Amino acid sequence: MSQLIRSTTPIRTFEDHERFIQEVAVFPDNRRMITCSDDKTFRLWDLETGVVLKKMEGHSGEVWALAISRDGKIIASGDSNGEVIVWDGETGESITQPIKAHPSIIYSLDFSLDGMVLATGSGDDTVKFWCTKTWQMQGNPIKCGSEVNCVRYSPSGELLAIATRDNIQIYNPGTRKRVAYLTDVNSWKSLVWTPDGTRLLSGSDNYILEWDTSTWQQVGQPYKGHTSDIYTIAIHPAGALVASASEFDYYILLWRLSDQQTIAVFQDSSIPRCVMFSVDGKHILSGGDDDKLSEWVHPSPRCLSIAEGLLTQEIHANANDFASYANRSFVMARKHDLDNALGDAIKSINIKPSLIGFISEGIVLCAKGRVQEARVAFDVASMFTNQNPETNQFLLLIKAIALFNADQHKEALLLIKYLAAACPSVEPPARRVVETYLRVQLGIKAFDGAHHDEAADHFTAAMHSDAFSSKYIHLVCQDLTVLFGWDLESLLLTTHQKRCQAFLSASKPDEALNAHKYMTDAMDETAKASCLDWSNGDVLCAANGNSALAANDYDKAIYLYSAIINSNSASDVVFANRSKAKLGKMLWMEALLDAQKVIELDPFSYLGYNLKHAALHGAERYDEAIETFQTMLSILDNAPDVQTRNLRQQYLRPSEVECAIRRVIDAQLDDAPLRLLDTTTGLLCDRETQIGTFKMSAQYKELVSSTITHVDLHIEHIYEVVKRYLQYAMLSHRWEGKEPLLHDIQGKCVYDSELDSIGGITKLRSFCRTARDAGYNWAWSDTCCIDKSNNVEVHESVNSMFVWYHHSALTIVYLSDVPPSSKSGGLTRSAWNTRGWTFQEFIAPKVILFYQNNWTLYRNDRTPNHKDSIAIMQEIKDATGIDRPAITAFHPSMHNAREKLHWASTRVTARQEDIAYSLFGIFGVRLPVDYGEKQDKALGRLLQEIVARSGDITGLDWVGESSEFNSCLPASITSYEAPPCQLPPLPEEEIQSSVSSLRNTVATDFASNLYTLLQNTSAPRFAAQRLHLPCLAFNVRKVRRVRSPAPETHFTYEVKADGLHDLLITTGETLVQFWPARPTQRKFVLVRPWDRSLLELSEFVEPSDYGNDTESEKDYGTSPSPSDDWAGGSPVEQGMSDLESQALRLLVHLGQPFGAFLLAQQRSGEYKRIATDYDIIGQVKDVASVGDLMDIRTIEIL
């Protein structure tokens, strides 16, 4: 039944070396490892990512040996020339120059337990010892009589094992005296100690030998399984498993130390020269002649996902592997994935009916409650046992267990009883183990159901069985563990403890004590050490109290611990446990008293200070808690034993936590205003003052006090606490007369009566109180939170204001002209809607609330966010023309600039430049602020930036007066008040009809060439007030003034251009009149600015300005793709190439009316745009001849 899990595919490989890998070692933190190679280098790796952190060079020969000190601070490496180099374990930098340690190759290195000595073993037959402080040799070398292949200190550091080519020698490294000599054993680098130091394992030829370190006699039989010499061995950190690698069979075998059984085989792709377990024991690392390191996951009954993955790999390699399907069915059943488990069982049977296939089906059917069908499956399975008595019994035992798990308890036990009667001589230990295990499970069920007497009977019956011989347990442990997840190794301990607990819970303390005595008499010393001490009544209470504490039954635990304390026999452990129970009940002060008692009984108890810290933290006495925690760290740092000092590694110093918090604070303040008002104190604070205030707060101290271990360091939680404290409210309002400025309130409390005479102070106070009452510590107003005398700060504020409003927790809009008596429409009529800066102040924030002039909510609308109020958003739309989606989910963007300019076109500002500055955030640009430049230039710089960076030319769509900045731009924002020029789109049916007509009249080569030419046309460029505009230009042949009803200051002209229908243009400029009979030197052109969207390229779909409310511009939504009606080829277009179809569609679009500019050439050759009062709408006469009449070019416009 048992089948080794084989794997030929590692979970990953580490590849960077150029020749054989000789050694691998893992750092104690399990985050890094190091490898050495014949390529004369070794590499420092990140174990999580597999990235090479550092390539370490310096050796002149092949690197054959390396070692890491127990604390991970030092690395040593040895090479084929006998040189040693020492490296810093943190940085990977060399600490020493190459040390000539031996005249020939160094095969092995090892650090002493305290890291003070490095032992080196060499082909010169010696072992030398080096001081790690001076790197001088200590004393005389040990002469071993044969080349030294391996040196290994024992876990206690008291012994040194040396493997030579001919023998193994054991020395006392302090006295250099040999204490044991194991002859006729040749070992390469295959020498390891068990973690407890009681065994030494050595590789000899193709087997492993196990030695008792107290007698130096061989234990048990050799571990056999390899077919060639063993090259290296490693032991699991817990001492339960051994891995070995042999030279020519390419195998890495995984052994169970307890019974010397092979449980897994990993087949490497080349000779494996080194093998090592990870520090946590979950992975095996091997390296060798394929120049790479492979990482394997060793199979474990508890690692079901890993087992599933390995079996899935085997199935993928061979789809007819019926055994792998059956084995995976066992795994899926263990994972309670019963449907997939049944599917695998059926696949196994379909491929090949077998014993293992029907067993897997029977187990799954029992688990699904289909007991009758399961019985049939087990019956059919018996046909494949070849009538072998042992196999028959094993099948029936599995059937009994499966039925038991399906709650058929009586039938299961009866089956075992009949099996014993029918086959008394066939492996009775197996039957006894199964019966005993099922008895224990019945006892546990009874105990959990509070049937304590019944539970005690079951446990007693199990105890009287002779199944607990370790010899019997291990005969069936492997298969039952795999199939059902049984933990047979702890069964004896579980049974003893549960029996004692059952008697105690049944109020039978005498029986509990007798059970405890029986337990201590029956168990070996190792098992006793892991048991609770139940030797007297107090300890019985302690044991029950510990169980109650573990089950979070704090009242019961406190009662039991108090009973011990009242008997005056309590230790510091009892006080500590009662303190834990009281912490669980949140009885902080009582827990504190018990913690102090622990410290009183043991002043150097780190646990006492740990509990005291927890109690003070719970009582919100954070300063004392932090001080207590620092005392605990000091105790751990100075503890006399290594084990206690090692506990220090899990804890953080408060200073480390504060650094982490500060990084989050700085990141949070990056998007916050430079100054804010403290709504509690009424004081204006800069950022450092804000941080100082936060550090004095209970929230900050609670965060520092609660983040004590690396596990506690959750940046997300720190972010939430910091964000919650530093969140701020912004004010949006109209300036009215005098407002309080920064110098008016600097260093003063805005709530103080001494400021009553300052204009606008009442509004500021009301704003601060409203923000404070809403739960915000900080508030910002543009009146007093900007130093307007500091140009740098003004520039930063103007460019950051949109971001500040967007990241505010709340924006409060104060409507000074809306009284509480206002009816619907008061917001619509408010002058607040007409101001330039208020545009971004209501569109940028996520949350906004409108307040009437008495500081009550507008229309008493209690919606938490007025952007969610349909009624209020409708009023905003009525006032501004902006739809609700744009208001609620707006993102800065230069796309469709014309629409945003239209929204701002009716707004006014006190300083005319501000109308442009107030739009910086809307478009997501940062530009210099230069008060005094006037609107014309400020707006021009903004529009130039938009075109230059985005290529969006919708902002060129305006009517009115030209700007001095550039004639293609307007002089005023009001030029955008008219809606954008939007011509009706051509229906798809007409497009297809026109394409069909053009196909018969226009050469496809001409259309395709035109399409390609326009596709390759460059984007518009705008710099130094010069616009380079790609366009379709039509030469003007006639400009002649005609009569019109236009004002006297404006003139109407008839314009004729090649290929276009005649136009009438009204402008305030006086144009040179000409016609064919009266020519002029000055050149005029009508141009159609080139729009790439006419190419209908789906990859150029523009982003939407509003969609999901995300912080990042990369997440902006996208507008719908072009219609799919034509993408797949309509009936008209079938048989045409994609390029031909797109080219003809382009011609159709070019034949439609379009918005045009009239440009007049200047003496220097550039052009200027002629400003007009109305949109110029042009249209070609004949699309078939359009290519002959227009010029595709880029025109420079001043």
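Residues numbered from 1 in each chain as written. Predicted model: local features only at pLDDT ≥ 70, side-chain atom pairs only at ≥ 80, totals over all residues. Heavy atoms only, no water.

## Section: the overall build of the protein
For the protein, the helix and strand inventory stands at 39 helices and 45 strands. Buried residues in the protein amount to 52% of all 1198 residues. Within the structure as shown, the protein displays about 53200 Å² of accessible surface, and the carbon and sulfur contribution to it stands at 49%. (Helix = DSSP H or I, 4+ residues; strand = E, 2+ residues; numbered from the N terminus. Buried < 20%, exposed > 50% of the residue type's maximum accessible area, 1.4 Å probe, protein only. Areas by Shrake-Rupley, 256 points an atom, 1.4 Å probe, with all protein chains shown as cover.)

## Focus: the pairing of strand β9 (residues 83-88)
Counting buried positions along β9 gives five out of six residues, so the element sits mostly inside the fold. Note that strand β8 (residues 74-79) and β9 share five bridges and pair antiparallel. Residue pairing for β9: Ala-76 is matched across the bridge by Val-86. Between β8 and β9, which pair antiparallel one after the other, the connecting turn spans three residues, and Gly-82 there sits at a positive phi close to 85°. (Pairing = 2+ DSSP bridges.)

## Brief notes about the pairing of strand β28 (residues 272-277)
Burial analysis of β28 places five of its six residues in the buried class, the great majority of the element. With five bridges joining them, β28 and strand β29 (residues 283-288) adopt antiparallel strand pairing. Its bridge partner being in β29, Met-276 is matched across the sheet by Leu-285. Counting the residues between successive antiparallel strands, the hairpin from β28 to β29 contains five residues, one of them, Gly-281, with a positive phi of roughly 80°.

## Describing the packing of aromatic side chains
Applying the stated criterion across every chain, the model contains 24 aromatic pairs. On the numbers, 4.9 Å between centres and 85° between planes, the contact of Phe-42 with Trp-87 is edge-to-face. On the criterion of sequence distance, the pair formed by Phe-42 in strand β5 (residues 41-46) and Trp-87 in strand β9 is long-range, its members being 45 residues apart. Note on Trp-87: relative accessible area 3%, which makes it buried. Aromatic ring contacts, followed pair by pair, group Trp-832, Phe-839, Phe-842, Phe-850 and Trp-903 into a single cluster. Positioned above the aromatic ring of Phe-27, the side-chain terminus of Arg-32 is 4.0 Å from the ring centre. The ring of Phe-1157 is capped by Arg-1169, whose NZ or CZ atom sits 3.9 Å from the centre of that ring. (Phe/Tyr/Trp six-rings, centres within 6.5 Å; stacked < 30°, edge-to-face > 60°. Lys NZ or Arg CZ within 6 Å of the ring centre and 35° of its normal.)

## Quick notes on the sheet that holds strand β15 (residues 148-153)
Taken together, four strands build an open sheet; the order of strands is β15-β16-β17-β18 and the sheet is antiparallel. Among the strands making up the open sheet, the edge pair consists of β15 and β18 (177-182). Strand after strand, the sheet turns through a mean of 20° between neighbouring axes, direction not considered. Here strand β17 (residues 168-172) runs beside β18; their pairing, made up of five bridges, is antiparallel. Within the sheet, the bridge partner assigned to Gln-169 lies in β18 and is Tyr-181. (Axes fitted to C-alpha atoms, helices over the stretch in contact; angles between N-to-C directions.)

## Describing the pattern of salt bridges
Following the criterion strictly, the structure yields 51 salt bridges and no others. Arg-370 is the partner of Glu-373 in a salt bridge, and the nearest nitrogen-oxygen pair spans 2.9 Å. Note on Glu-373: relative accessible area 39%, which makes it partly exposed. On the basis of relative accessible area, Arg-370 is assigned to the partly exposed category, the value being 32%. (Salt bridge = Lys/Arg side-chain N within 4 Å of Asp/Glu carboxyl O.)

## With respect to the confidence of the model for the protein
The share of residues in the protein with pLDDT of 70 or more is 90%, and the mean pLDDT across the chain is 86. Confidence drops under a pLDDT of 50 for residues 529-537, and excluding neighbours within four residues, the segment shows 24 contacts in the predicted structure. Confidence over residues 1107-1135 falls short of pLDDT 50; this stretch has 45 contacts with residues more than four positions distant or in other chains. (pLDDT = per-residue confidence, 0-100. Contact = heavy atoms within 4.5 Å.)

## A word on the UniProt feature "repeat: WD" (unreviewed entry) in the protein
Mapped onto this numbering, the UniProt entry gives "repeat: WD" (unreviewed entry) at residues 14-55, 56-97 and 99-130. Secondary structure across residues 99-130 divides into 0% helix and 59% strand, with the first and last C-alpha atoms of the span separated by 11 Å. (UniProt positions renumbered as here; feature names shortened; annotations may be inferred.)

## Remarks on the nonpolar core
Ranked by size, the top nonpolar core spans 122 residues in total, and within it Ile-661, Phe-850 and Phe-923 carry the most contacts. Dropping the residues within four chain positions of it, Ile-661 is found in contact with Phe-694, Tyr-700, Leu-703, Val-704, Ile-718 and Val-722. Counting 54 residues, the second-largest nonpolar core is a separate cluster that includes Phe-330, Phe-378, Phe-447 and Ala-455. (Core = buried A, V, L, I, M, F, W, Y, C linked by side-chain atoms within 4.5 Å.)

## A few points about the packing of helix α7 (residues 409-422) against helix α8 (residues 428-448)
Axis separation between α7 and α8 bottoms out at 11 Å; the angle between their running directions is 155°. In terms of axis orientation, α7 runs roughly antiparallel to α8. Like other packed secondary-structure pairs, α7 and α8 cross with a definite hand, here left-handed. Here His-409, Leu-413, Ile-416, Leu-419 and Ala-420 of α7 come into contact with α8, specifically with Arg-431, Val-434, Glu-435, Leu-438, Arg-439, Leu-442 and Lys-445. Among the residues forming the contact of α7 with α8, the class breakdown is seven nonpolar, one polar and four charged. (Parallel < 35°, antiparallel > 145°, perpendicular 65-115°, else oblique. Left-handed = near helix turned anticlockwise from the far one by under 90°. Nonpolar A, V, L, I, M, F, W, Y, C, P; charged D, E, K, R; others polar.)

## So, the environment of Asp-671
Structurally, Asp-671 is set in the loop between α21 (654-669) and β31 (675-678). Expressed as a C-alpha distance, the spacing of Asp-671 and Val-803, which sit 132 residues apart in the sequence, is 6.4 Å. If we ignore the near neighbours within four places in the chain, the residues touching Asp-671 are Tyr-728, Val-803, Trp-804 and His-807.

## Thoughts on helix α9 (residues 452-463)
For α9, which comprises twelve residues, the first-to-last C-alpha distance of 16 Å matches the rise-based estimate of 16 Å (1.5 Å per residue) to within 8%. If you check which residues of α9 are buried, you get Ala-455, Ala-456, His-458, Phe-459, Thr-460, Ala-462 and Met-463. (Expected span 1.5 Å × (residues − 1).)

## Observations concerning unusual backbone geometry
One non-glycine residue, Arg-176, lies in positive phi territory at about 65°. Assignment of secondary structure puts Arg-176 in the loop between β17 and β18. One non-glycine residue, Asp-291, lies in the positive phi region at around 70°. Along the chain, Asp-291 falls in the loop between β29 and β30 (292-297). On the basis of relative accessibility, which here comes to 24%, the residue Asp-291 falls in the partly exposed class.

## Re helix α22 (residues 687-695)
Among the residues making up α22, those that are buried are Gln-690, Ile-691 and Phe-694. Buried residues in α22, looked at end-on, bunch into an arc of 95°, giving them a common side. Here the buried face of α22 lies against α21, β31, β32 (684-686), α23 (698-706), α24 (715-726) and β34 (778-780). Two or three places before Glu-688, at the start of α22, stands the capping residue Asp-686, its side-chain oxygen 3.4 Å from that residue's backbone nitrogen. (Arc of directions from axis to C-beta. Polar contact = N/O pair within 3.5 Å; in protein donor to acceptor, adjacent residues only side chain to side chain.)

## What to know about the sheet that holds strand β4 (residues 32-37)
Taken in spatial order, the four strands line up as β3-β4-β5-β6 in an open sheet, and their pairing is antiparallel. A strand with exactly one partner marks an edge of an open sheet, and here the two such strands are β3 (21-26) and β6 (52-57). Strand-to-strand twist across the sheet, computed as the mean angle between neighbouring axes with direction ignored, equals 15°. Where β3 lies against β4, five bridges are found, and the strand directions are antiparallel. In the sheet register, Ile-21 faces β4, and the bridge partner there is Ser-37.

## Side note on the state of the cysteines
This structure, assessed with the given rule, holds zero disulfides. Take Cys-685: it sits in no disulfide, and the sulfur closest to it among the cysteines is that of Cys-785, at 9.7 Å. (Disulfide = S-S within 2.5 Å.)

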